[in-house]
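Notes for the structure review
Read off the chains here:
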Amino acid sequence: MTQPPYTAPYRQAEQALQESEELFRPLAENLNLVLWMKDLATDRIVYISPAYEAIWNRTRESLYESSQSFVDAIHPEDRERILAAMTAHKQGGFSEEYRIVTPDGSVRWMSARTFPIHESDGQVARIAGFALDITQHKKVEETLRSVLARTQERYLLSRRIGAARAAEDVLYALRSVTTFSDAQRAAIWLFDQPWGEVTPSRCDILVEWQDSSDLPALAGASYSFEQYQFTQLFVRDEPLWIDDIQTDPHVSDHTRSLLTKLQTRSFVLFPLITSNQWYGMLTLHFSTPKLLRPEDFSYFEKVVNQAAAAIYNFLLLEAETRARQEAERANQVKVKFLAMISHELRTPLTSIKGFATTLLADDVAWDPDSQRDFIKTINQEADKLTELIEHLLDLSRLESGTLRIVPEEQHLENIVNNVLPRLQALAGDHALVINLPEGLPPVMADPQRVEQVMFNLVSNAAKYSPAGTQITLSAAARHKDIQVNVSDQGAGIVPEERQRVFEPFYRVEKEDGTAKSAQGVGLGLAICKSLVEAQGGSIWIQDQPGPGTTISFTLPTMGQ
Amino acid sequence: MATILVIEDDHSIRKLAAVNLKARGHRVIEADTAETGLAQWRDGLPALVLLDIKLPDLRGWDVLSAISADSEVPTTPVIVMTASGIDMEVSARRFPNIVKVLIKPFDIHDLVRAVEAALGRSGGP
């Protein structure tokens, strides 16, 4: 180095500088802090500590050559701001946090400051700076912020769920959770039974929201497990994230086409489990392939579990209310039924008691014809009472399953032949026509009960059609059973009543307004229905144009 | 001799009442429905009505209301026949012209006594 004149003081200064640099250098070399010095005249970095290489992942030489590499390392989003700050603080005073991108693509957060170095004459020839890697710090800051945000979110969510009056409110409350609010659609699916040992067969949508009413709804349809292969899509233990429905193997073809119609591209499924009952699913749908961080999942799981419990409670409440209403209704029906029975029993008894006490009256002497008439009435009413009691007992036994029905292989022709004389007696002044085709297959039936049904039907036909008209008994073989029909040419039964006639005590209002009591007790068809159904058949009134009634019932053929 | 209107849809019970009342010297008009009953009541102006409250479609109550409410015809005493005793006790208070509630099945003597009491009270025609 050439020594200028007057070197002594200069050399002293340089020595002092060197000494302090010697103190300074080990410090600089060992700190994780990047220290540098920049010469303002040349705008070049004259010194940068080794930590630069570790943090910026670039050589110091590259920086000494040109400070452009420093600028290039700044994250594009922060570059404008930092360059502006650097320009503004050319002579020191820069204080910023910014991101750098290392050559391998990783991002680091730096906190940097510069300050001027004053010469003895007060001029600023150089500035010094330091940069501290605060990436960890930032991460912690970010985590704390996110935890705080989440805590607030959870608090708000809890309040909203607490205020919910229905499952719908709970789903809407979930909208306030970040990411959930970005979803295009959310739905709560309910299985038709909790998924334990037995897999449910269907599920329905309990409640749904979507961010646009232009899109089709999931709700309103019932989804079959079989068809959509939900067993491969619905998972119990954890949420399932489907980032692209086109490629994910959990999604069956049917499900894919359903979701495509809904414009869902990715979705996440949460199992709804409360009190160890897996009762449904919560799905969140997105219209674009969406990236979710795995660490977010555990937060979402907690949130959904909270919602699941609230929804479960609403479902329980609903079920209980329904059950209570059902029980009340059933009780009402029972009370009404008992009242009807009481009335029905008392009516023939009134005649019996009445005419008996009439005959016993001291103040009137009845002539023999009247006496005979009264006694006949007593007798008839007693028969009516007996029939009523028999019917009631039959009905009661059928209801409780204690009526003995013994199905055996029977030929319909035989049953009809057996009961024919009694049917003809019943038909009275009606023409009874039997129409049985040849070669009917045998049926599985209890002959006594089939006779009882035919008896009842023919009796009704006779009661409800004018004298002299025809009553027809016919049969035809069908695929799995034989259908038997009894037709009359009476006034017919209006469509509104065709279901009701099978109710106990229900009697059709005759057009001529004839008192119902003349028609019998009203239990016959109810009993026929129970008898037929107990043997595996069904009974109904035919839809037919024109007057007259045809009642049909079926009996299963052998091998069913 | 008083005219008694019997409104009862069961033909045996109707016959029971008619036969006993006629044998004791009363004139009996019979009706088996609410419509016929009310028509007979307006035309025949009976001194007493014997009414089965459980006519089809609960029309017995309609008859009772009509008989009680009609201001043109003076109140006719009514003897009600019913299979349900308890309900009637309460309802009878609503209709002051019900003079007796007979619960089925009844002894014919009770009916006869009630009729004679009702006619005696109202003085008969």
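A quick note: this is a predicted structure, and the numbers were derived from the prediction, not measured.

**What to know about the sheet that holds strand β18 (residues 549-556) of chain A**
All names here are of chain A. With mixed pairing, the five strands of this open sheet are ordered in space as β13-β15-β16-β18-β17. The two strands at the open ends of the sheet, each matched to only one other strand, are β13 (431-435) and β17 (539-541). Ignoring which end each strand starts from, the neighbouring axes of this sheet average 15° apart. In this structure, strand β15 (residues 470-477) lies alongside strand β16 (residues 481-488), joined through six bridges in antiparallel fashion. Each bridged residue has a counterpart across the sheet, and for Ala476 the counterpart in β16 is Gln483. Sheet contacts for helix α12 (residues 412-427): β13, β15, β16 and β18; angle to β13, the most-contacted strand, approximately 170°.

**What about the interface of chain B and chain A?**
The accessible area lost on association of the parts is a frequent measure of interface size. Counting residues at the interface gives 22 residues for chain B, matched by 26 residues for chain A. With both chains or domains summed, chain B and chain A bury close to 2,100 Å², and 59% of this area falls on carbon and sulfur atoms. With a shortest N-O distance of 2.9 Å, Arg24 of chain B and Asp363 of chain A are connected by a salt bridge. Connecting chain B to chain A are eight residue pairs in polar contact (both at pLDDT 80 or more). Looking at the side of chain B that touches chain A, the elements with two or more residues in it are α1 (11-23) and α5 (108-122) of chain B.

**A few points about the confidence of the model for chain A**
Of the residues in chain A, 95% reach a pLDDT of 70 or more, and the chain-wide mean stands at 87. Across residues 513-518 of chain A, where pLDDT falls below 50, the model places 11 contacts with residues more than four positions away in sequence or in other chains.

**Considering the confidence of the model for chain B**
In this model, chain B carries an average pLDDT of 85, and 88% of its residues clear a pLDDT of 70 or more. As a predicted assembly, this complex carries a pTM of 0.56 together with an ipTM value of 0.92.

**A few points about the sheet that holds strand β2 (residues 27-31) of chain B**
All names here are of chain B. In spatial order, the strands read β2-β1-β3-β4-β5; together these five strands make up an open sheet with parallel pairing. Each end of this open sheet is capped by a strand with a single partner; those strands are β2 and β5 (98-103). Mean inter-strand twist for the sheet, computed between neighbouring axes without regard to direction, equals 20°. One ladder, built from four bridges, connects strand β1 (residues 3-7) with strand β3 (residues 48-52); its direction is parallel. Its bridge partner being in β3, Leu5 is matched across the sheet by Val49.

About the thresholds
- Residues numbered from 1 in each chain as written.
- Chains lettered and ligands numbered in written order.
- Predicted model: local features only at pLDDT ≥ 70, side-chain atom pairs only at ≥ 80, totals over all residues.
- Heavy atoms only, no water.
- Pairing = 2+ DSSP bridges.
- Helix = DSSP H or I, 4+ residues; strand = E, 2+ residues; numbered from the N terminus.
- Axes fitted to C-alpha atoms, helices over the stretch in contact; angles between N-to-C directions.
- Contact = heavy atoms within 4.5 Å.
- Buried area = accessible area lost by both parts, 1.4 Å probe.
- Salt bridge = Lys/Arg side-chain N within 4 Å of Asp/Glu carboxyl O.
- Polar contact = N/O pair within 3.5 Å; in protein donor to acceptor, adjacent residues only side chain to side chain.
- pLDDT = per-residue confidence, 0-100.

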